[in-house]
Amino acid sequence: MAPIPFKSTAAAKGDSHYDLVVIGGGSGGLGAARRAAQYGAKVAIVEETWRLGGTCVNVGCVPKKIMWHAADLREKLHQAAAYGFKGVTNDQIDWPTIKDKRDKYIERLNGIYERNVANDKVTKLTGRARFVDATTVSVSPTYPADKASGGSDKERILTADRIVIAVGGKPTAPTDIEGYQLGFDSDGFFDLKDLPKRVVVVGAGYIAVELAGIFNALGSETHLVIRKDKVLKAFDPLLQETLQAQMTKVGIKIHTQSKVAKITTSVPSPDLTQPFPKTVTLDSGLELGADAVLFAIGRHSLTDDLGIENVGVKLEKNGDVVVDEYQTTNVPNIFAIGDVQGKELLTPVAIAAGRRFANRIYGGVEGDKLDYNNVPTVVFSHPTIGTVGLTEPQARGKYGDSDIKIYKSTFTSMYFSMMDADHKEPTAYKLVVQGKNEKVVGLHLIGVGSDEMLQGFAVAIKMGATKKDFDDTVAIHPTSSEEVVTMR
């Protein structure tokens, strides 16, 4: 059945009244706003900064992937000799050049988002949104009109039948560390104007792992400081162990069971966008010399200055907005989408949730909502990781040891067949299956190409595929992915 166009009555309530006001111009907010407008709703979107796209486009997955490609290319330059290429010696990155090109690419994407919003007839306002009451939002100026589209030099008041909170989050600062101001977070990574010779990355999650891998592959002496024994604590043990061993093998110095006690420098009023010498002292007393310190210790929702207290929306202790399966808060006409609601902090998740919200409310698609089970994700580490479903410990905890069976394959990709042992990377795959029918409830991949191969397998797992379905699929040879359908 085709979606039913929404019949808006907002115009009858005044120029400043909307069917929907979305607070936040990132992935989730744009997904909701544009889809609602396409159904015929009168929509406004409020973004505090001068550019749309949110974390992912501006200081997240998109520019990060560009830097990962740069790091991957440097690794391939080193590997080229094994395939008979001679004279490949210029492997030093011109950081200012790649930064300039990367930033211009992001600006082009910002422009595309602006045009898409305009084409869908969404009203864009640049400013700081705060709740006045459950149907009213004030927008205080952050940029004048001549500095940002939708800008203003005065406060504006909007009313709406429904309001979506999609403000996302930001990196958490380690304010308990003496001298933490001498370091920067993942946002600051993209402000760096040159490649540091020595880097200390603090954190064990995927952001820390990815950026440490980029620095190391581009030639920086790289240290990773983690509080526990393993990186990627939320991931399957196979991925943790394989990646950590490879990171150590390629020269990243991992300091386990460690915390940063203080950071000091003799440089007066240093510029954080430029590398400068500093000393990082760990709680063990070990001192590390560094030219840059990057903190990737977690993120938190941006709900502390939204006027939430004026409407009574419930928050978790960490600031996440509490929602039900339909993204609805305890205030019936207020919703939350994306990172701000604390589940599956991924761009495609936010987009999908936003669009399904709009489908249900404005498109007549009854009951449409996002299923947060079996959400695939990748880590742009070296080598890459792809994962979907339950980890082995999660599966055993949910179903019991007797109902779970594990299939594993570890091997070396054919790509590395021409290289000596020191330059080979591992590949390891794990299938987690449950019950007599061996339903696949988890797939975990690490190795060359894992990021690109996961999507298709994720579709099969979402559809309820069994191990027999995988076995019945003819392998594609010679590829690494054939191992997924030939495990025994």
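Everything quoted here is computed from the prediction, not taken from an experiment. (Residues numbered from 1 in each chain as written. Predicted model: local features only at pLDDT ≥ 70, side-chain atom pairs only at ≥ 80, totals over all residues. Heavy atoms only, no water.)

A. Representation of unusual backbone geometry within the structure. With an omega of 5°, the peptide bond between His382 and Pro383 qualifies as cis. Checked against the element boundaries, Pro383 lands in the loop between strand E18 (377–379) and strand E19 (385–389). Cis geometry marks the peptide bond from His477 to Pro478; its omega dihedral reads -5°. A positive phi is found at Leu232, a non-glycine position, where the angle reads about 55°. Tracing the sequence through the fold places Leu232 in the loop between strand E10 (221–225) and helix H7 (237–249). (Helix = DSSP H or I, 4+ residues; strand = E, 2+ residues; numbered from the N terminus.)

B. The arrangement of the pattern of salt bridges in detail. Evaluated as defined, the whole model comprises 22 salt bridges. For Arg34, the salt bridge identified is with Asp120, shortest N-O distance 2.6 Å. Here Arg34, found in helix H1 (residues 27–38), pairs with Asp120, found in the loop between helix H4 (95–119) and strand E3 (123–126); they are 86 residues apart in sequence, far enough to count as distant. When its relative accessible area of 24% is taken as the criterion, Arg34 is described as partly exposed. One salt-bridge network, in which partners are shared between bridges, spans Asp236, Glu392, Arg396, Asp401 and Lys430. (Salt bridge = Lys/Arg side-chain N within 4 Å of Asp/Glu carboxyl O. Buried < 20%, exposed > 50% of the residue type's maximum accessible area, 1.4 Å probe, protein only.)

C. Local environment of the packing of aromatic side chains. Evaluation of the coordinates by the stated rule reveals 11 aromatic pairs. Ring centres of Phe189 and Phe215 lie 5.3 Å apart, and the angle between their planes is 80°; this geometry places the pair in the edge-to-face category. Taken as a pair, Phe189 in helix H5 (residues 186–189) and Phe215 in helix H6 (residues 206–217) lie far apart in primary sequence, 26 residues in all. Among the residues examined, Phe189 registers a relative accessible area of 0% and is labelled buried. Overall, Phe215 belongs to the buried group, its relative accessible area being 0%. Their ring planes at 85° and their centres at 5.0 Å tell us that Tyr415 and Phe416 sit as a pair that is edge-to-face. Through a chain of ring-to-ring contacts, three or more aromatic side chains come together here, namely Phe6, Phe335, Phe357 and Tyr362. (Phe/Tyr/Trp six-rings, centres within 6.5 Å; stacked < 30°, edge-to-face > 60°.)

D. Broad picture of helix H3 (residues 61–79). In a regular helix each residue adds 1.5 Å, so 19 residues correspond to 27 Å; H3 covers 26 Å between its end C-alpha atoms and thus fits that length. Of all the residues in H3, the buried ones are Pro63, Lys64, Lys65, Met67, Trp68, Ala70, Ala71, Asp72, Arg74, Glu75 and Gln79. Buried residues in H3 make contact with helix H2 (54–59), H4, H5 and H6. (Expected span 1.5 Å × (residues − 1). Contact = heavy atoms within 4.5 Å.)

E. How the structure looks around the nonpolar core. Formed by 40 residues in total, the largest nonpolar core has its most connected members in Phe189, Phe215 and Leu224. Elements represented by at least two residues in this core include exactly H3, strand E9 (198–202), H6, H7 and strand E15 (292–295). In terms of residue count, H6 provides more of this core than any other element does, seven residues in total. Filtering out sequence-adjacent residues up to four positions away, Leu224 remains in contact with Val201, Gly203, Ala208, Ala212, Val231, Met247, Ile252, Lys253, Ile254 and His255. By size, the runner-up hydrophobic cluster in this structure holds 27 residues, among which are Ala36, Ile337, Tyr362 and Val375. (Core = buried A, V, L, I, M, F, W, Y, C linked by side-chain atoms within 4.5 Å.)

F. Examining the pairing of strand E14 (residues 287–290) more closely. Residue alternation in E14 divides its side chains into a buried set, Leu288 and Ala290, and an unburied set, Glu287 and Gly289. One ladder, built from four bridges, connects strand E13 (residues 278–282) with E14; its direction is antiparallel. Across the sheet, the residue bridging to Lys278 is Ala290, located in E14. Adjacent in sequence and paired antiparallel, E13 and E14 are bridged by four residues, among which Gly285 carries a positive phi angle near 95°. (Pairing = 2+ DSSP bridges.)

Functional significance is not addressed by these values, which are geometric in nature.
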